[in-house]
Amino acid sequence: MDAWASADRIASAVAAGRTTAAAVVEAALERIAERDKVLNAFTAITRERARAKARAIDRACAEGKPAGPLAGVPFAVKNLFDVAGLPTLAGSKINRDRLPAAADSPLIARLEAAGAVLVGALNMGEYAYDFTGENVHDGPSRNPHDTAHMTGGSSGGSGAAVAGGLVPIALGSDTNGSIRVPASFCGIFGLKPTYGRLSRARTFPFVASLDHVGPLARTARDLALAYDAMQGWDPEDPVCARRPPEPALPLLEGGVGGLRIAVAGGYFRRGATPGALAAVARVAEALGASREVEVPEAARARAAAFVITTSEGAALHLDRLRTRARDFEPTIRDRLISGAMVPAPLVVRAQKFRRWYREQVLRLFESVDAILAPTTPFPAPRIGQQTMQLEGAEVPLRPNIGIFTQPISFIGLPAVPVPLEPLPIGVQIIAAPWREDIALRIAHALDQAKVAAASAE
Amino acid sequence: MGTNEGESIDNLIEAVAAALALPIEPQWKPGIKSNLQVTLRMAALVAEFELPDEAEPAPVFEA
């Protein structure tokens, strides 16, 4: 199995006895030991645990027990997921003082129940309040396509680990774009599911109103495999919907015939580089999407997401800001303290606007099945870069990274960023709530047609 | 942003920091202030959008 082997290929080979989970995992651990010196994707490597799990899978296969759909597939998780025996860092210095987690988060347990093998925890922007993948405590995760460039964040280690061929699947979280941005900058696929679809239990939170978790992978099929293994109600997360699993994999080959696909106009065409718009145009052409729709009041939606994020983030961290403010990354500390200063009526207005905006956008989905939009306005900037040239003006970089992801996660719509070359840069396939299957089906069709594909660095 | 507005934001930061017992070191203030100014501009964009009194906020509590 080479570094670029998909989860699907690994699991088939393990199930058929062409290789062993132990061999796959050992090769992954070797790659991590070698390449992570540069990529800085991992903050912990769970070697012994992974070896023991791989041996157990091989034993079960030898006894003729059915191999799971992810048999022997190595994966890693953003370090805000609880991993038994590790303190849940959430990218921070402060959380290093936490007790080691007593148990794995349920999504790790579900992936392992399907045969996957956890190999470690991944670097991230502090407390997920980040779009760059930079981190003053652990150092920046580095983009495998050019290590002088940022991975995007906050799931930066997840982007680097998957795009760098260290693991085929990683988990991340996405509050305003933190799965989709690194997928775009690192040239891979990602899935931000519907709000409430996947359990967030035993993950370190950021903004309860907007937090999502989901997978990143190098193929749409691997996304579907991981996503299907993780679905299902979990009473431990009060936001997790009481819906039965709705597997996407059986529908993946459905093709795009009969789907009504439109391009987002207006707001989603402003503030983007020509390369980002050209990527959308290429996807639209390949899908025969000639219609354009206007997502109403998207700028206000982004503003409302910004307000809710900063104030809920401040509420979450208030005690730490009182007692350990110096231990935060300075820029994140300043953002969180400023969030504590936002007058409460403005936050409530943002939540009222959220319901209004949701109703308007859901109306769009009466006449379309999916909407295309850029994921990021530009490809990966250099690490440390502070400003960006956009439409002839120099603008601050960080707040502009999420302008196209925020209006989507704000109302919990499922979205799959698909990677386009050569920059790389992502295009979001956005679907109606609970229709991850449609976004994944379109992503898979683009992947098969080689319109969108993850490429080796 | 005019001086008066800038001053009123300084006063807001001082007052809320005192009310919430948030220790703020002087060198942090410019960063906090510029972030808050951006947030208040964003919040104004949202708040100026007219919604009926009956508009429900997005989170719904289930008893």
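This is a predicted model, so every value here is computed, not measured.

K.L.:
Would you mind showing me how to read the sheet that holds strand S8 (residues 291-293) of chain A here?
P.N.:
All names here are of chain A. Read across the open sheet, the 5 strands follow the order S8-S7-S9-S13-S12; overall the sheet is mixed. The open sheet has two edge strands, S8 and strand S12 (415-420), and neither has a second partner. Between one strand axis and the next, the sheet turns by 35° as a mean value, whatever way the strands run. Strand direction decides the pairing type here: strand S7 (residues 261-264) and strand S9 (residues 370-374), joined by 3 bridges, are parallel. The residue bridging Val263 from the neighbouring strand is Leu372, located in S9.

K.L.:
Which parts of the structure should I look at to understand the interface of chain B and chain A?
P.N.:
Interface size, as often reported, equals the accessible area lost upon joining of the parts. Contacts between the two partners involve 33 residues from chain B and, on the opposite side, 32 residues from chain A. Both faces considered, chain B and chain A share a buried interface measuring about 3,000 Å² in area, 72% of it formed by carbon and sulfur atoms. Interface area lost by chain B to chain A is led by Trp28, Val46 and Phe49 of chain B, which between them contribute 20%. At the boundary of chain B with chain A, the tally comes to 2 salt bridges. Residues Glu25 of chain B and Arg326 of chain A are paired through a salt bridge, measuring 2.6 Å at the closest nitrogen-oxygen approach. Residue assignment for the side of chain B that touches chain A shows that the elements contributing at least two residues are helix H1 (3-19) and helix H2 (29-47) of chain B. For the side of chain B that touches chain A, the leading source of residues is H2 of chain B, giving 12 residues. Here the residues of the side of chain B that touches chain A sort into 26 nonpolar, 3 polar and 4 charged.

K.L.:
Explain the nonpolar core to me, please; I cannot follow it from the model alone.
P.N.:
Most often, soluble globular proteins keep nonpolar side chains buried together rather than apart. All names here are of chain A. Counting residues in each nonpolar core, the largest one holds 160 residues, and the members touching the most others are Phe42, Leu70, Leu372, Phe410 and Val418. Here this core gets 11 residues from one element, more than from any other, and that element is helix H9 (residues 298-323). Of all hydrophobic cores here, the second largest spans 10 residues; its members include Met150, Phe185, Leu390 and Ile401.

K.L.:
What is the right way to read H2 of chain B from this model?
P.N.:
Residues lying three or four places apart along an α-helix face the same way, a consequence of the helix completing one turn every 3.6 residues. Over its 19 residues, H2 of chain B runs 26 Å from end to end, which matches the ideal 27 Å to within 8%, given 1.5 Å per residue. All of the buried residues along H2 of chain B are Gly31, Ile32, Lys33, Asn35, Leu36, Gln37, Thr39, Met42, Ala43 and Val46 of chain B.

K.L.:
Please clarify how the packing of H9 of chain A against helix H10 (residues 330-339) of chain A should be interpreted in this entry.
P.N.:
Describing two packed helices takes the angle between their axes plus the distance from one axis to the other. Residues and elements named next belong to chain A. Two numbers describe how H9 lies on H10: the axes approach to 7 Å, and their chain directions differ by 105°. As judged from the angle between their axes, H9 and H10 are roughly perpendicular. Counted together, Thr310, Ser311, Gly313, Ala314, His317 and Leu321 of H9 and Arg333, Arg335, Leu336, Ile337, Ser338 and Gly339 of H10 form the full contact between these two elements. Looking at the contact of H9 with H10, its residues break down into 4 nonpolar, 6 polar and 2 charged.

K.L.:
Looking at this model, I keep getting lost on the packing of aromatic side chains. Mind explaining?
P.N.:
This structure, assessed with the given rule, holds 13 aromatic pairs over all chains. Judged by centre distance (5.8 Å) and plane angle (35°), the ring pair of Phe268 of chain A and Phe404 of chain A falls under tilted. Placement of the pair is Phe268 of chain A in the loop between S7 and helix H8 (274-287) and Phe404 of chain A in the loop between helix H12 (398-401) and helix H13 (406-409), with a sequence separation of 136 residues. A single burial state applies to Phe268 of chain A and to Phe404 of chain A, both of which are buried. Taken together, the ring pairs connect Phe353, Trp356, Tyr357 and Phe410 of chain A together with Phe49 of chain B into an aromatic cluster. One Lys or Arg, Arg335 of chain A, reaches over the ring of Tyr129 of chain A and ends 4.8 Å from the middle of that ring.

K.L.:
How should empty space enclosed by the protein be read in this particular structure?
P.N.:
Rolled over the atoms, a probe with the dimensions of a water molecule shows which regions are left empty. All names here are of chain A. Summed over all chains, the structure comprises 6 cavities of 30 Å³ or more. The computed volume of the largest cavity comes to approximately 170 Å³. For the largest cavity, the lining is made up of 15 residues, of which Tyr129, Phe131, Asn176, Arg398 and Gln406 are closest to its centre. When residues in the lining of the largest cavity are grouped by element, the largest group, 4 residues, is from H9. Taken together, the residues of the lining of the largest cavity sort by class into 6 nonpolar, 5 polar and 4 charged.

K.L.:
I'm lost on helix H3 (residues 47-62) of chain A in this one. Help?
P.N.:
All names here are of chain A. Here H3 contains 16 residues, and its C-alpha end-to-end distance of 22 Å stays within 8% of the 22 Å for a straight helix at 1.5 Å per residue. Burial in H3 covers these residues: Ala50, Ala54, Ile57 and Asp58. Axial view of H3: buried residues confined to an arc of 95°, hence all on one face. In H3, those exposed residues whose orientation departs by more than 90 degrees from the buried face are Glu48 and Ala62. Considering only its buried residues, H3 is in contact with helix H1 (7-15), helix H2 (21-39) and strand S3 (117-122). Looking one or two residues beyond H3, the residue adopting positive phi is Gly64, at roughly 80°.

K.L.:
Is there a simple way to think about the environment of Gly85 of chain A in this case?
P.N.:
Residues and elements named next belong to chain A. Relative to the assigned elements, Gly85 resides in the loop between strand S2 (74-78) and helix H4 (106-113). Sequence separation of Gly85 and Ala102 is 17 residues, and the distance between their C-alpha atoms is 6.3 Å. Other than its neighbours up to four places away in sequence, Gly85 contacts Pro100 and Ala101.

K.L.:
Please explain the confidence of the model for chain B as it appears in this structure.
P.N.:
Interpretation of this model should avoid reading the predicted coordinates in detail wherever pLDDT is low. Counting all residues, the mean pLDDT for chain B is 92, and 95% of those residues have values of 70 or more. For this predicted complex, the interface score ipTM comes out at 0.94, alongside a pTM of 0.97.

K.L.:
Whenever I open this one, the pairing of strand S6 (residues 212-217) of chain A confuses me. Can you help?
P.N.:
Every other side chain in a regular strand lies on the same face of the sheet, so the side chains alternate between the two faces. All names here are of chain A. When you tally the buried positions in S6, you get 6 out of 6 residues, the bulk of the element. Direction of pairing for strand S4 (residues 169-174) relative to S6: antiparallel, over a ladder of 6 bridges. Within S6, the residue paired with Leu171 across the bridge is Pro215. When strand S5 (residues 189-190) meets S6, the two strands line up antiparallel, connected through 2 bridges. The partner of Phe189 across the bridge, within S6, is Ala217.

K.L.:
Help me out: how do you make sense of the pairing of S9 of chain A in this one?
P.N.:
Judged by how many residues are buried, S9 of chain A sits mostly within the fold: 5 of 5 residues are covered. The alternating pattern of S9 of chain A places Ala370, Leu372 and Pro374 of chain A on one face and Ile371 and Ala373 of chain A on the opposite face, and all of these are buried.

How each quantity is defined
- Along every chain, residues carry numbers that run from 1 in the direction the sequence is written.
- Lettering for chains starts from A, numbering for ligands starts from 1, and both go in the order in which the items are written.
- It should be noted that, the model being predicted, local features are given only for residues of pLDDT at least 70 and side-chain atom pairs only at 80 or more, the latter also being counted only at that level, while totals for whole chains, interfaces and linings use all residues.
- Note that the side-chain values use all heavy atoms of the structure and ignore hydrogens as well as water.
- A pair of strands counts as paired when DSSP detects no fewer than two bridges linking them.
- The way it works is that DSSP assigns letters per residue, a run of H or I at least four long becomes a helix, a run of E at least two long becomes a strand, and they are numbered from the N terminus.
- The convention used is that axes are lines fitted to C-alpha atoms, helices contributing only their stretch in contact, and that angles between N-to-C directions extend from 0 to 180 degrees.
- Here, residues are in contact when the closest pair of their heavy atoms is within 4.5 Å.
- Accessible area that two parts lose when put together, evaluated with a 1.4 Å probe and summed over both, is termed the buried area.
- Criterion for a salt bridge: a side-chain nitrogen of Lys or Arg within 4 Å of a carboxyl oxygen of Asp or Glu.
- Throughout this entry, Asp, Glu, Lys and Arg are counted as charged residues, while Ala, Val, Leu, Ile, Met, Phe, Trp, Tyr, Cys and Pro are counted as nonpolar. The remaining residues, Gly among them, count as polar.
- For our purposes a nonpolar core is just a set of buried Ala, Val, Leu, Ile, Met, Phe, Trp, Tyr and Cys residues, chained together by side-chain atoms within 4.5 Å.
- For the exposure calls, accessible area comes from a 1.4 Å probe over protein chains only, and a residue counts as buried if that area is under 20% of its type's maximum, exposed if over 50%, partly exposed in between.
- Given a helix with a known number of residues, its expected span is that number minus one, times 1.5 Å.
- Here the word oblique covers every angle except those under 35 degrees (roughly parallel), over 145 (roughly antiparallel) and from 65 to 115 (roughly perpendicular).
- In this scheme Phe, Tyr and Trp rings, the latter by its six-membered ring, pair at centre separations within 6.5 Å, and the angle between planes marks the pair as stacked below 30 degrees, edge-to-face above 60, and tilted otherwise.
- Two conditions define a charge sitting above a ring: the NZ of Lys or the CZ of Arg must be within 6 Å of the ring centre, and it must be within 35 degrees of the ring normal.
- Only protein atoms enter the 1 Å grid, on which a cavity is a set of points fitting a 1.4 Å probe that cannot get out and a pocket is an open set with protein on both sides within 12 Å along at least 5 of 7 lines, lining residues being those with an atom within 4 Å of a point.
- Grid points are joined across faces, edges and corners, and a volume is the space filled by probe spheres set on the points.
- Working definition: the arc comes from the directions between the helix axis and the C-beta atoms, pointing outward to the latter.
- Values of pLDDT, the confidence the predictor places in each residue, fall between 0 and 100.

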